[in-house]
Structure formats: C-alpha cells, structure tokens
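Remarks on the overall topology
For reference, the chains in residue letters:
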Amino acid sequence: MSNKIATVLHVLLCMTSPLAAQTTQAPDPTPPAEAQPAPGATQPPPKGDASKEAEGKQETGKTVAGKQPQRLDPVIVTALKIPTDPFDSARSINLFDREFLIQHDRNSALDALNRTIGIWVEKRTATTSDPVIRGLSGANILALVDGNNVTTFWGEGGFAGDDLYGKIEAESLERIELIRGPAGVQYGANALGGVLNFITRGPSLERPESGMTFGGYSKLGYETINDGKTVRFDVETALPKFRMRFGGTWRSLGDGESGGDGRPLIPSGGEDLNFDLNADYMLSRPDQVFFAQWQQVSREDIVRYYRPTQTNENDRTGIALGYRDGYQEADDMFEGRVYYQWKEDRRYWDTGDWGYAQWQTLSTDWILRRKDLLMKGRTAMGVSLRYEQGESPDDEQFTMVDPITGARVKAAPDQDWYNAGVFLEQEWDATDWLTLTGGIRYDYFYYESFPDAEYMPPVGSPEDDKVKDNQGAWTGGLGALFHLGKGWNAGASWTRGFRTFPAKYGITKTGFGVVVPSGLLNPVTADNYELTLKHRSESWETNLAGYYVDFNGFQESKPGTFQGQDYYDYNGNGSFEPDERVYVITGDADAYVYGIEWDALWRPGFVPRGSYISGGFMYNYGQDTTADEPLRHTHPTRGLLSIGYEEPFEQKWYFDLTAEFVGRYTRIPPARLQGDVGYRQEPQDPSSPLIRPYGLPGYTVLNFRCGVKVHERIRLGMGIDNLTNKDYRPAHSRMDAFGLSARIFMILDA
C-alpha cells in the first residue's frame, strides 16, 4: 500500500509543479474580496442552480405584465424555511458547498463532514456512518434529501441508524446544509438533535433560445486501503422550456485494515449501484416551474465489522413532483410538492436464514413565503401531511423468511403513522441593529398497529399488540440577531424539537444488549438555548456557539429484566454473554447536554493570497439526571488545526494539511461500557478485554488533500488519511479506523 501512495504522490507532484509556477504569476495581484476562496464551510454558498437559471434567463427570459423575476445570491434555505445566510442567523448553521464536497471526496456523504466542528461521525463499516450532534444520534437527527424526509418515524429499522446515510448517494449532491440543534418548527418530528439536508444536483445548463444543448460530467475514484473503486457519470440536456440531469454511480469497496500493525478489518466493504434524476419545466417565467426529482439506491454485500456472520442489502426509491412560483432563494415564493419513498433492508445470516424490513412514505408539503406580509420582514407558513407504513419497521427487526418453505414470521405487527402539521414563522426587522424571529407549529399524530397471523410476539397473544393511539405536539422557537457592525453579529435563540415513538414490539439484538418489548410512550422534547457570536471580513472569519439542551421525557435503553431475568440467551448457546444484557426502553428520564463549538479561519496578509490557517474546538458534557449517569451520545473533546492554500484567481489548485486532536472518551454509562462491543479490543468477540478500563484513549491524526485543474474541464485530486498510520477507534464506532490510505480522483466536466 505504501508503494501505491508513493506512486500517486509522485505523479501528482510532477503534474502540479509546473501549474503552480504558472498560477502564481497572475496578472491582477489585487482581485476583489469575493474572488477569494474560503476553505471549509464558513463562506456563503456559491451560486447554485436557481441562480444559474436566473443568469441564463437574463437574456432569454420573458416577463409577464412587466414583472421581472427576482434574483438573489443563493443562501441556505432550510434553517427557517426562509432564505438565510448562515452569518445572518442567530443559530448555528453550516453549509457545505459543491467544491467542499469534491475536495473532501468520500464514499458516504456524511463522511465529508467528519472533521467539522459541531458534528461527530461514528463508523461501523466503510460504507455507512451515523452523526452525533448535541447529545443525540440516529433517527433523533432528521435526514432530508431535497427537503424530503429520509428518516421515518421509527428510525431506520433493519440495519439501524448507521445505515440511513448510506441510502443517500454522495456523488449526486450539490451541497449539504446542517442545522445544529432542534428544529421542530420547520420540520416537526425527529428534528431533536439537528437537521441534515442533502441537496442533489439540479440541471445546470442555461436554457437555449432555440434548439437543444447537452452537457456531461464523469468521475473516476480509487482508494488504496480497500481497493475501493468509484465511477460516476452525469448527462444533461436543455431545451427552451425543459432541462434535465440524469446520473449514476457504481462503487465497490473491499475490506480495509487498521492503523498500526495493519490488522485486516474483515468484513468492512460493500457495493452500490445508484441512479438519480432532476428535471424542471418552465411555465410563463423562468422562476415558475414544474420540477421532478428521483433517486434509486441499491446496495449489496453491505456488512458491519462487528457482525461478521451477517450480510445486508438496502434499497431506497425516492420520487418528488412539485410546482414552484418564485426562486427557492427569493423572499416571495410558493411551492407545493408530493413525495413518495420506499425503503427495504434485507439481512442474510451464515446459517441460511434471511429477513427483510420495509417502509413506505407518502407526503405532501406546501409553503408560502412573502415579504412584509404581516409586518416589516419575511413570513413563511405551511402545511405538511404525511403517511408512513412499516413492516417489521423498528431498528434491528426483520420479517424472517423460511429458506425452504417461504413461510414468514414478523418481528412486529404492521404499523401505520398519520401526521398533519401546520407552522407559521416570522422574521421582523425591528431596527437597523436588531432582527427578531419567531415560529410556532402544531402536529397531530395517529398511530395504529395491525397484528396478523405472521406476527408472533415473544409473550402473550398477537391481539394484545393491537394498538390505536393519537398524540398532539406543540413546538416553537424565538431568536434575536444583533448586528453589531464591522462584520460582527451576535445571536440568542430558543428552539424546541420533539420526537414521537411507536410501541416497541419483539426482541431486538443490538451491539450493546437485547432490547425487550415496551408500550407507547409520550413524545420526548428538547429545548435548545443558544448564544452565538459571528464575524466575517476579508481577512478572517469566526463562529462561536454556546448551547444548553434540556431533554424531557427522554427515551433511553436502560438495564432491566424480561421474564424475571436480566440476561436473555439470544443466540441460544446456553450461556449469557456481555452483549446479551436485557435493556428496557423508558420514557421517563430527564437529561441535559451543554457545550461550546468554535471555528475560525484566518487569511494572513503577509503570505501569498489564498493562504489560510483554520481551526476549531468542540466540547460537550451530557448527563442523564434520572439515572445519574453520563448521557450516551456525547462526543470527546476535539480540536482541529489546518494550514492550506487555494489559488485565488482561477482556483486551479489547492492543498490542505489538517491535524485532528481528540481527547480520551471517559463519560460512558457503566452498563454500556461493559456491554457495548465498541469498547472491546475486538468488537467481533464480546468477551475480549476492554480497550481501556475507562473507555477510549485520545489520539492525534494528520490528513492531507490536494488537487489541480490540468485543463478547464479536467481536474485531479487526492487525499491521504491518517498520515502517521495511527491505530485508534473513534467514539461510538464499532471498528478501528482505517490506517494510512490514499484516495485519488479524476473529474471530466464537459
């Protein structure tokens, strides 16, 4: 592997040396401030598809009754359902644009954010990831694709939350938007810890006045440590009224190896074959369109390192059809959409057994946004209707199929969720130095389960698990942004999130123990109190956030008993193992988490323009006050320090060296420390010793990336992870991190 990396380095250095000499002799040594690149995700986003469409229509578009389409620089659109530059929000918001995602080339979309302040990413395999944000993870963080729910009310089911983000194709994305902290007003249930909105690439070609135009994009990628191969293609076409982008990705990843002595991590690979489509049809104006979006994800041979006797397959289909009057970034806009999603997880055991879990979502969302409608400022209001159906839908549950007879046994009864929500949000420019925001939302839920002959509960009669119930939830938020002048903003906000949970049926085996049945529980709420301080200028940027989140009715898995026993012999071998401890889900806990998140970027004036130094720090402390033990999903203290350069005139080349400093992780609930295989020296062996009696040791890791445009339409890039080949395991992961590895890619943008 070292020889492969050395060869790659040699080739790229030979190619970049003459180009570096050329690009440093730029004709204009003082470009305007907006020409400067910004490493990371702290800059305002680049112009997106809506603005490209507006630019294309500046010459060819027609006006109606003298109306000129509104054109704005693109801004984040998820935080308040009102277009908002992250700098002008009282909340903590990240935007990761297309260039960031290209430079941080990864197999999983979430992995590109791994070394970002405000989010922690845990790993179970090379192909999947799970985020940790402000004390929560999994389905407590809402995942969206183009504003449509990927997360279900149950969570993710079958393969659990760590596979949710594997169902989102990384190569199809234009940008990722991250809200840190609850966002119940905007999105209703599941937005407890935060929101991740994955925006796919729309058509980018300008509409011709006549005829048809074509475009294309292709990418080849290779990863040394696991013989990983990625092929991506996109084709585009544009007519005067109609535009379309169609793309596909094939990815094959082998097993990797750890740092240090290079222990094989078998199994840890997988294979994907995914397709996606975006299209729009212009009506009377460039900003009035019908649009369609489609994603098809098919994943095979997906494995988890700590479950070597299992293989998984995942499918997801997502289809959205909608109408929009007004650009997505405009103050005045109306949009309505209908969305359908189908997901299925399948699991195969070495014994020949196999099972599946299925979910369907049908939803419609309508939003109206107007400026100065109720008062001076912007107003957004909307209605959301959602239906979800699940078969064996809870985490780690499957409808088992007899390989000989085909007979089926369900782990849980079929279940239906109905949800209707309505929200109102207002931004008010109170004075030149103060902007206020407020929002309110109400959601109604109806839940019903349908036991049938294929459902066999572990105890009692199937009819005992026939449940009908309804619940309502109010949520709200308030914010104040103080414009301090000279590029400074200060914010204060309160936001609430909530999540409704179905009953827990059947017996589930997890990585930390065995979860037994429990009834319906009330919604859990999270109240986030946050202070922010932000600065943006030509020479430096900084974002500082302090937060406190109060959880009520917190649902967690606690050690308990089932049929009088505190262990359950799940594998039937006659002995009780550490990961067979009985856990019961409760909804009576109170908990809290508080922390600090800070990042900054400095462009020194005494070095070549385009040079930068960036860094950050994140710390949190969480406590389950009811159980008087640490909150499960906190993260260790982390610091980041980067030094790099991005050629500022034509963006022809870049490099970045980042050091990640992680403290040891000690605040772990005692029962989880003993039962979760992620803290064992060998996660495949629950009886192996703990890595450390206290949890996980700290570590320092170095990572490098660079890239060059060898032609106007051709670029090469490379990333080297874990330069020192460090042997370590990130918190909440159930496999060691990969050792020294190089990733290379070539892009042809035609």
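These numbers were taken from a predicted model, which means no experiment stands behind them.

Next up on the list: the overall build of the protein chain. When helices and strands are counted, the protein chain shows five helices and 37 strands. Counting the 750 residues in the protein chain, one finds 60% classified as buried. The long-range fraction of contacts in the protein chain, counting pairs at least 24 apart against all pairs at least 6 apart in sequence, stands at 68%. As displayed, the protein chain offers around 28400 Å² of accessible surface, 58% of which is attributable to carbon and sulfur atoms.

Moving on: the sheet that holds strand 4 (residues 136-137). On the basis of which strands lie adjacent, the open sheet formed by three strands has the order 2-3-4 and antiparallel pairing. The open sheet is flanked by strand 2 (120-123) and strand 4, the only strands paired with a single partner. Bridge analysis of strand 3 (residues 129-133) against strand 4 gives two bridges, and the strand direction is antiparallel. Paired with V132 across the two strands is S137, which belongs to strand 4.

Now for unusual backbone geometry. Here I266 and P267 are connected by a cis peptide whose omega angle stands at 5 degrees. When you line up the elements, P267 lands in the loop between strand 13 (264-265) and strand 14 (270-282). Residues other than glycine seldom take positive phi values, yet R134 does so here, at roughly 50 degrees. In this fold, R134 is placed in the loop between strand 3 and strand 4. By relative accessible area, R134 is classed as buried at 2%.

Quick look at the packing of aromatic side chains now. Evaluated as defined, the whole model comprises 32 aromatic pairs. Centre to centre, the rings of Y165 and F198 are 5.9 Å apart; their planes meet at 55 degrees, and the pair counts as tilted. Residue Y165 is found in the loop between strand 6 (148-149) and strand 7 (173-180), and its partner F198 is found in strand 8 (residues 194-200); the two are separated by 33 residues along the sequence. Judged by relative accessible area, which is 1%, Y165 ranks as buried. A relative accessible area of 0% means that F198 is categorised as buried. Taken together, the aromatic side chains of F153, W417, F445, Y447 and F498 make up a single cluster linked through ring pairs. The lysine or arginine in question, R664, covers the ring of Y694, its NZ or CZ lying 4.3 Å from the ring centre.

Our focus in this paragraph is the pairing of strand 1 (residues 93-96). Of the two faces of strand 1, both are covered, the one formed by I93 and L95 as well as the one formed by N94 and F96. Bridge count for strand 1 against strand 7 is four bridges, and the pairing is antiparallel. Each bridged residue has a counterpart across the sheet, and for I93 the counterpart in strand 7 is I179.

Right, let's get into the sheet that holds strand 6. If you walk across this open sheet you meet the five strands as 1-7-8-5-6, and the pairing is mixed. Looking at strand neighbours, the two that pair on one side only are strand 1 and strand 6, the edges of this open sheet.

Each value, and the rule that gives it
Residues numbered from 1 in each chain as written. Predicted model: local features only at pLDDT ≥ 70, side-chain atom pairs only at ≥ 80, totals over all residues. Heavy atoms only, no water. Helix = DSSP H or I, 4+ residues; strand = E, 2+ residues; numbered from the N terminus. Buried < 20%, exposed > 50% of the residue type's maximum accessible area, 1.4 Å probe, protein only. Contact = heavy atoms within 4.5 Å. Areas by Shrake-Rupley, 256 points an atom, 1.4 Å probe, with all protein chains shown as cover. Pairing = 2+ DSSP bridges. Phe/Tyr/Trp six-rings, centres within 6.5 Å; stacked < 30°, edge-to-face > 60°. Lys NZ or Arg CZ within 6 Å of the ring centre and 35° of its normal.

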